[in-house]
Number of protein chains: 2
Amino acid sequence: MSKGITSRKTDYSQWYNELVVKADLAEHSAVRGCMVIKPYGYAIWEKMQAALDKMFKDTGHSNAYFPLFIPKSFFSKEASHVEGFATECAVVTHYRLKNDGSGNIVVDEEAKLEEELIVRPTSETIIWNTYKGWIESYRDLPILVNQWANVVRWEMRTRLFLRTAEFLWQEGHTAHATREEAMEETARMLGVYADFAENWMALPVVRGRKTENERFAGALDTLCIEALMQDGKALQAGTSHFLGQNFAKAFDVKFTAKDGKLDYVWATSWGVSTRLMGALIMAHSDDQGLVLPPKLAPIQVVIVPIYKNEEERQTIGGLADTLIAELKSKGISVKYDDRDTHRPGFKFAEWELKGVPVRIAVGTRDMENGTVEIARRDTQTKETVSQAGLADRIEQLLETIQHTIYEKALGFRDANTVEVETYDEFKRVLDEQGGFVSAHWDGTVETEKLIKEETKATIRCIPLANKEEAGVCIRTGKPSTQRVLFARAY
Amino acid sequence: MSKGITSRKTDYSQWYNELVVKADLAEHSAVRGCMVIKPYGYAIWEKMQAALDKMFKDTGHSNAYFPLFIPKSFFSKEASHVEGFATECAVVTHYRLKNDGSGNIVVDEEAKLEEELIVRPTSETIIWNTYKGWIESYRDLPILVNQWANVVRWEMRTRLFLRTAEFLWQEGHTAHATREEAMEETARMLGVYADFAENWMALPVVRGRKTENERFAGALDTLCIEALMQDGKALQAGTSHFLGQNFAKAFDVKFTAKDGKLDYVWATSWGVSTRLMGALIMAHSDDQGLVLPPKLAPIQVVIVPIYKNEEERQTIGGLADTLIAELKSKGISVKYDDRDTHRPGFKFAEWELKGVPVRIAVGTRDMENGTVEIARRDTQTKETVSQAGLADRIEQLLETIQHTIYEKALGFRDANTVEVETYDEFKRVLDEQGGFVSAHWDGTVETEKLIKEETKATIRCIPLANKEEAGVCIRTGKPSTQRVLFARAY
Ligand SMILES: [Zn+2]
Ligand SMILES: [Zn+2]
């Protein structure tokens, strides 16, 4: 397309912003911080939702729905939670507007709420207040519930998908009879997220544990998956929290155990959001536009006929009809782009911008030769192949593309994960190439904050696969037992 | 179950309220007017969503997502819309809470919004403000978009599913180049709703047109489907609006037509909500609990083994395994209830309460005889049948049940749709049996309002299938050209 997008090299941030808009994924709305997710972007999100939802159900979870509003007082019940979430939020104070007599619509001061309502930034409080009524005995446990919902966290600086005031997400909230079971659930759902990221988004992730400083407000333990974007910055793609008995205590949720004893219920929560859309775009796309892994592409194959007259168009149309039917029977989504209003070159650029994994072009010479031209979006390679066995070939090609995209991202991440021994080396790597920097740290919040202040790098996680390794903290020289993963992050 | 529910005869309203809660469909939350949709209730809603979503996509629509918040000033832009929707609503006035120093969380007065935000009661305004950026020429049309979302309309008296401050719905918003195309779309989506109500919910509906007085705020024409509940009250189950150019004019959305002329865009909107859950429950259920049409039942078949010892349990379990596999391969959802903690009688009552269409009981004598006992939830009949060919038999039975439920509801509606000629007869029918009352009306808003004041009956619709028929208005005696359908309504 002539109106190209800024290259990643020129300005990665600008490239992303332009790509999201030009590929028709999302745009800013008239409401500060709130985005409009356009049909093409939403179609990708729907594919993500469907895959995740199935994984949640396969692991025994059901969906439910809890109120959008949370009474202000609920936030005060869990001490650390209130600090984390009750600050920047949307506050509903009134429930009526009125005409002021001179034609203006104004807030009706007589309709002031006794207690303000907060638009949910996350739902632990309202859900645990509800669970209190659902749980009496161990027989009522576990509760394995998920919610697909919108949430609001007031943000001053917003970026489409990555940081918006309103976003869409899912939040799982489970209740268990034992600490062990809740911890297992926390780990299980991290596994689901990692599986989804790697096998659907083609996004390699590091499974890890957050430091105390980076934990979810109200959690005893936060597990996470961390991914690397093409500009060398990390992105947290999902979190799973072991909440201990904090929320059960805050909302007085006890159960009678098998042995007759009364105890507080154990909790987890876990979530991923439309932020994943940002990760998907930033991890794989290029200067020509989106690169979508086939499993999440709303259109997996586009067929563009190239003809000079109605007769040629009809001949190619016949081939296309057969091919489309074969592809659809294999569950492959396909678009036949025979618009008269645009030239083939324009169409090629448009579908490239939109990240359709496979493009098939068919012209009159192809019809004579019994061939078509196949173009791969990920490698931007083309080849002319026989029309015979085409549907099978495409089915295999889509699988190959899914793997190739994953392996490219994995190669990039591996090349950009560096072990360093000194603070100078640490800072040089961060400045010169970015990426994940694996280094020893003395385990204190003070040092963690100091490093963040001095370098803007945060501890993304303590990888679960970490091996014990004696060393010294890069910043303080104090002893350390293992490396942690630092990065500058979204 | 020993803790039975109030019978419909004793108190229909109470019966409904108890049923919704005892069948684990929904409950009131700590937030006034907002409900919690519990997993079993949400599973039914998910089935509704999936069926509707497929119908929307099959008719060319895509999903998208627009902001939860709408700037207050947007409502003032369409004159009749502001009166209809900008009154009872949730108003966001601040974006921050703070600690007041003595440990209380209070609204931060320094974080007051310049312009208040309204939590969307419906999205015409924010969507048409967005469409302005999407539409330049006839080539950009039609736009066929749907949104699944939560909306809020402040309600003083709420009832689970039927009237809640927050509810879930879908809202379609389409943009067209011509009046005719928009009107066709309005009719098409009414057809989709009627199809869904009848073929999925087993709910016969009257397709009709609202009177001017009952139209959607901002619409030129509102089509609707109206259903009859068992207490003789009507329930509006879906609406489809032809909005003319009202919102295009309010938000200045013009397009260049093929002939080069500039014109305002034509609009429709259409929606159904979690209110359908209320309709589903009230239309079919009985004093023993829910009666669910098989197509929307989260669990279609429950198998209850009846055994005295582990050996018997194992033998029955073997049969169950095979049957479950066969049923699942037919796409039938099945639950094997072998809980040790409850007796068969308890389980029977529980699944009856939850409306599972088919219950299979298998005891030791059944195993000896090669039989099982099948109980139908809708008719509450039982029969003992051979284990041979059981899966096929159940598949057919589910289809029979779906039809039977529909036909029962249709019979009820037909028996409770009465033509009357005089106002006395009109009032007597309303008081003695309720139902739809077909009567002549002079066509004026004044008479419509007068009848409503005097009888609490409203004009549900002017049926689309109406035949022309000269008559006189039951209230004023003035001439009328056709009958309209009155009822007391939810
Ligand atoms: Zn591979
Ligand atoms: Zn039938």
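Here is what the cut-offs are and how they apply
- Residues numbered from 1 in each chain as written.
- Chains lettered and ligands numbered in written order.
- Predicted model: local features only at pLDDT ≥ 70, side-chain atom pairs only at ≥ 80, totals over all residues.
- Heavy atoms only, no water.
- Donors = N, O, S within 2.8 Å, 3.2 Å for Na, K, Ca; no water.
- Helix = DSSP H or I, 4+ residues; strand = E, 2+ residues; numbered from the N terminus.
- 1 Å grid on protein atoms, 1.4 Å probe; cavity = no way out; pocket = protein on both sides within 12 Å on 5 of 7 lines; lining within 4 Å.
- Points joined across faces, edges and corners; volume = space filled by probe spheres on them.
- Nonpolar A, V, L, I, M, F, W, Y, C, P; charged D, E, K, R; others polar.
- Domains from an automatic or database assignment.
- Contact = heavy atoms within 4.5 Å.
- Buried area = accessible area lost by both parts, 1.4 Å probe.
- Salt bridge = Lys/Arg side-chain N within 4 Å of Asp/Glu carboxyl O.
- Polar contact = N/O pair within 3.5 Å; in protein donor to acceptor, adjacent residues only side chain to side chain.
- Expected span 1.5 Å × (residues − 1).
- Least-squares fit on C-alpha atoms with pLDDT ≥ 70 in both.
- Pairing = 2+ DSSP bridges.
- Axes fitted to C-alpha atoms, helices over the stretch in contact; angles between N-to-C directions.
- Buried < 20%, exposed > 50% of the residue type's maximum accessible area, 1.4 Å probe, protein only.
- Parallel < 35°, antiparallel > 145°, perpendicular 65-115°, else oblique.
- Left-handed = near helix turned anticlockwise from the far one by under 90°.
- Core = buried A, V, L, I, M, F, W, Y, C linked by side-chain atoms within 4.5 Å.

**Observations regarding the coordination of the zinc ion (ligand 1)**
Six octahedral donors around a metal ideally sit at 90 or 180 degrees from one another, while four tetrahedral donors ideally sit at 109.5 degrees.
Line of reasoning, step 1. For the zinc ion (ligand 1), the full set of protein donor atoms is H403 of chain A (ND1) and E407 of chain A (OE), and the range of their distances to it is 2.1 to 2.7 Å. Residue H403 of chain A and its partner E407 of chain A are both found in helix α12 (residues 390–415); the two are separated by 4 residues, about one turn of the helix.

**Thoughts on the layout of surface pockets**
Line of reasoning, step 1. The volume enclosed by the second largest pocket comes to roughly 2200 Å³.
Line of reasoning, step 2. Around the second largest pocket, the lining comprises 43 residues; the ones closest to its centre are D24, R339, E350, W351 and K354 of chain A.
Line of reasoning, step 3. Of all the elements in the fold, those that place two or more residues in the lining of the second largest pocket are α1 (12–22), α2 (39–58), β17 (334–336) and α10 (344–353) of chain A together with β3 (62–63), α5 (124–134) and β8 (143–152) of chain B.
Line of reasoning, step 4. By residue number, the principal contributor to the lining of the second largest pocket is α2 of chain A, which donates 5 residues.
Line of reasoning, step 5. A per-class count over the lining of the second largest pocket returns 18 nonpolar, 9 polar and 16 charged.

**Section: the domain arrangement of chain A**
Residue and element names in this part refer to chain A.
Line of reasoning, step 1. Domain boundaries assigned for chain A yield domain 1 (37–283), domain 2 (301–397) and domain 3 (417–487).
Line of reasoning, step 2. Taken over C-alpha atoms, the centre of domain 1 sits 29 Å from the centre of domain 3.
Line of reasoning, step 3. The interface of domain 1 with domain 3 comprises 17 residues on the first partner and 17 residues on the second.
Line of reasoning, step 4. Summed over both partners, the interface of domain 1 with domain 3 comes to about 1300 Å²; 64% of that surface belongs to carbon and sulfur atoms.
Line of reasoning, step 5. For the domain 1 face of the interface with domain 3, the top three residues by lost area are R209, T211 and N213, together amounting to 32%.
Line of reasoning, step 6. Counting across the interface, domain 1 meets domain 3 through 1 salt bridge.
Line of reasoning, step 7. Our count for the domain 1 to domain 3 interface comes out at 6 residue pairs in polar contact (both at pLDDT 80 or more).
Line of reasoning, step 8. Listing elements by their share of the side of domain 1 that touches domain 3, those giving two or more residues are β10 (206–209), β11 (221–228) and β12 (234–244).
Line of reasoning, step 9. With 5 residues, β11 is the single largest residue contributor to the side of domain 1 that touches domain 3.
Line of reasoning, step 10. Residues of the side of domain 1 that touches domain 3, tallied by class, amount to 7 nonpolar, 5 polar and 5 charged.

**Brief notes about helix α2 (residues 39–58) of chain B**
Line of reasoning, step 1. With 20 residues, α2 of chain B extends 28 Å between its outermost C-alpha atoms, agreeing within 8% with the 28 Å of an ideal straight helix rising 1.5 Å per residue.
Line of reasoning, step 2. Directly after α2 of chain B, the chain includes G60 of chain B, whose backbone phi takes a positive value near 90°.

**Description of the interface of chain A and chain B**
Line of reasoning, step 1. Listed per partner, the contact involves 61 residues of chain A and 61 residues of chain B.
Line of reasoning, step 2. Roughly 5000 Å² is buried in total at the junction of chain A and chain B, and carbon and sulfur atoms are behind 68% of that figure.
Line of reasoning, step 3. At the junction of chain A with chain B, the criterion picks out 4 salt bridges.
Line of reasoning, step 4. Across the salt bridge formed by R96 of chain B and E88 of chain A, the nearest N and O atoms sit 3.1 Å from each other.
Line of reasoning, step 5. Where chain A meets chain B, there are 27 residue pairs in polar contact (both at pLDDT 80 or more).
Line of reasoning, step 6. Considering each element in turn, the side of chain A that touches chain B owes the most residues, 10 residues, to strand β5 (residues 88–99) of chain A.
Line of reasoning, step 7. In terms of residue class, the side of chain A that touches chain B is built from 38 nonpolar, 11 polar and 12 charged.

**Description of the side chain of S438 of chain B**
Line of reasoning, step 1. Topologically, S438 of chain B is positioned in strand β22 (residues 436–440).
Line of reasoning, step 2. Beyond its immediate chain neighbours, meaning those up to four positions away, S438 of chain B contacts V418, E419, V420, R483, V484 and L485 of chain B.

**Comments concerning the relation of the copies chain A and chain B**
Line of reasoning, step 1. If you rotate chain A by 180° and push it 0.0 Å along the axis, it lands on chain B with an RMSD of 0.0 Å. Within this description, the copies of the chain are treated as partners about a two-fold rotation axis. In terms of C-alpha distance to the rotation axis, chain A has V92 of chain A as its closest residue, with the C-alpha 2.1 Å off the axis.
Line of reasoning, step 2. Comparing interface residues between copies, 100% of those in chain A also sit at the interface in chain B, which points to an isologous, same-surface contact.

**Digging into empty space enclosed by the protein**
Rolling a probe over the atoms, with the probe sized like a water molecule, indicates the empty space that remains.
Line of reasoning, step 1. Per the counting criterion, the structure on display carries 1 cavity of 30 Å³ or more.
Line of reasoning, step 2. In terms of lining, the largest cavity is formed by M35, I37, E166, F167 and L168 of chain A together with Y65 of chain B.
Line of reasoning, step 3. Those elements giving two or more residues to the lining of the largest cavity turn out to be β2 (35–37) and β9 (166–176) of chain A.
Line of reasoning, step 4. With 3 residues, the top contributor of residues to the lining of the largest cavity is β9 of chain A.
Line of reasoning, step 5. Here the residues of the lining of the largest cavity are counted per class, giving 5 nonpolar, no polar and 1 charged.

**Some remarks on the sheet that holds strand β18 (residues 358–362) of chain A**
Residues and elements named next belong to chain A.
Line of reasoning, step 1. Overall, mixed pairing links the 5 strands, which are arranged β17-β16-β18-β19-β20 in an open sheet. Both edges of this open sheet fall to β17 and β20 (382–386), since each of them pairs with a single strand only. The sheet shows a mean angle of 25° between the axes of neighbouring strands, direction not considered.
Line of reasoning, step 2. Sheet analysis places strand β16 (residues 301–305) next to β18, joined by 5 bridges and oriented parallel. Counted as the bridge partner of V304 is A361 from β18.
Line of reasoning, step 3. Strand contacts of helix α9 (residues 310–329): β16, β17, β18 and β19 (371–376), with the helix running at about 165° to β17, the strand carrying the most contacts.

**Some remarks on the pairing of β11 of chain A**
All names here are of chain A.
Line of reasoning, step 1. With respect to burial, β11 is a largely interior element, 8 of its 8 residues being buried.
Line of reasoning, step 2. Burial of β11 is two-sided: the residues D221, L223, I225 and A227 facing one way and the residues T222, C224, E226 and L228 facing the other way are all buried.
Line of reasoning, step 3. Pairing of β10 with β11 involves 4 bridges; the strand directions are antiparallel. Note on β11: the bridge partner recorded for V206 is E226.
Line of reasoning, step 4. Both β11 and β12 contribute to a ladder of 8 bridges, which runs antiparallel. Following the sheet pairing, E226 is matched in β12 by Q236.
Line of reasoning, step 5. Where β11 hands over to β12, the hairpin turn is made up of 5 residues, of which G232 adopts a positive phi near 85°.

**Considering the packing of helix α13 (residues 423–432) of chain B against helix α14 (residues 445–455) of chain B**
The description of two packed helices rests on the angle between their axes and on the distance between the axes.
All names here are of chain B.
Line of reasoning, step 1. It is the contact of α13 with α14, at a shortest axis distance of 11 Å, that shows an interaxial angle of 50°. Classified by the angle their axes make, α13 and α14 are oblique. For the pair α13 and α14, the crossing hand works out as right-handed. Only L450, I451, E454 and T455 of α14 make contact with α13, whose side of the interface consists of Y423, F426, K427 and L430.
Line of reasoning, step 2. Here the contact of α13 with α14 is built from residues that sort into 5 nonpolar, 1 polar and 2 charged.

**Overview of the pattern of salt bridges**
Line of reasoning, step 1. In the structure shown here, the tally under the stated rule is 69 salt bridges over all chains.
Line of reasoning, step 2. In this structure, the salt-bridge partner of E198 of chain B is R207 of chain B, at a minimum N-O distance of 3.4 Å.
Line of reasoning, step 3. The class of E198 of chain B is buried, set by a relative accessible area of 16%.
Line of reasoning, step 4. Given a relative accessible area of 34%, R207 of chain B falls into the partly exposed group.
Line of reasoning, step 5. One network of salt bridges, with partners in common, ties together E419, E421, K467, E469 and R483 of chain A.

**A few points about the pairing of strand β18 (residues 358–362) of chain B**
All names here are of chain B.
Line of reasoning, step 1. Most of β18 is tucked away, with 5 of its 5 residues classed as buried.
Line of reasoning, step 2. Note: β18 against strand β19 (residues 371–376), 4 bridges, orientation antiparallel. If you follow V358 over to β19, its bridge partner there is R376.

**Quick notes on the environment of T239 of chain A**
Residues and elements named next belong to chain A.
Line of reasoning, step 1. Along the chain, T239 falls in strand β12.
Line of reasoning, step 2. For T239 and D287, which are 48 residues apart along the polypeptide, the C-alpha to C-alpha distance reads 30 Å.
Line of reasoning, step 3. Beyond its immediate stretch of four places on either side in the chain, T239 contacts Y193, T222, L223, C224, S269, W270 and G271.
Line of reasoning, step 4. At 3.4 Å, the side chain of T239 and the side chain of H241 are in polar contact.

**Some details on the nonpolar core**
Line of reasoning, step 1. Among the nonpolar cores identified, the biggest contains 100 residues, and F69 and W128 of chain A together with F69 of chain B are the most heavily contacted of them.
Line of reasoning, step 2. Apart from the residues lying within four places of it in its own chain, the contact partners of F69 of chain B are V31, C34, A90, V119, V152 and W154 of chain A together with V92, L117, I118, V119 and I126 of chain B.

**Quick look at the sheet that holds β3 of chain B**
All names here are of chain B.
Line of reasoning, step 1. Pairing is mixed in the open sheet, where 11 strands are placed in the order β3-β8-β9-β15-β12-β11-β10-β23-β26-β22-β21. Since the sheet does not close on itself, it has two edges, and those belong to β3 and β21 (417–419), each with one partner.
Line of reasoning, step 2. Sheet strands touched by helix α6 (residues 179–199): β8, β9 (166–176), β10 (206–209), β11 (221–228), β12 (234–244) and β15 (266–273). Its angle to β15, the strand with the most contacts, is close to 10°.
Line of reasoning, step 3. The sheet strands contacting helix α8 (residues 275–284) are β12 and β15, and the helix crosses β12 at an angle near 145°.

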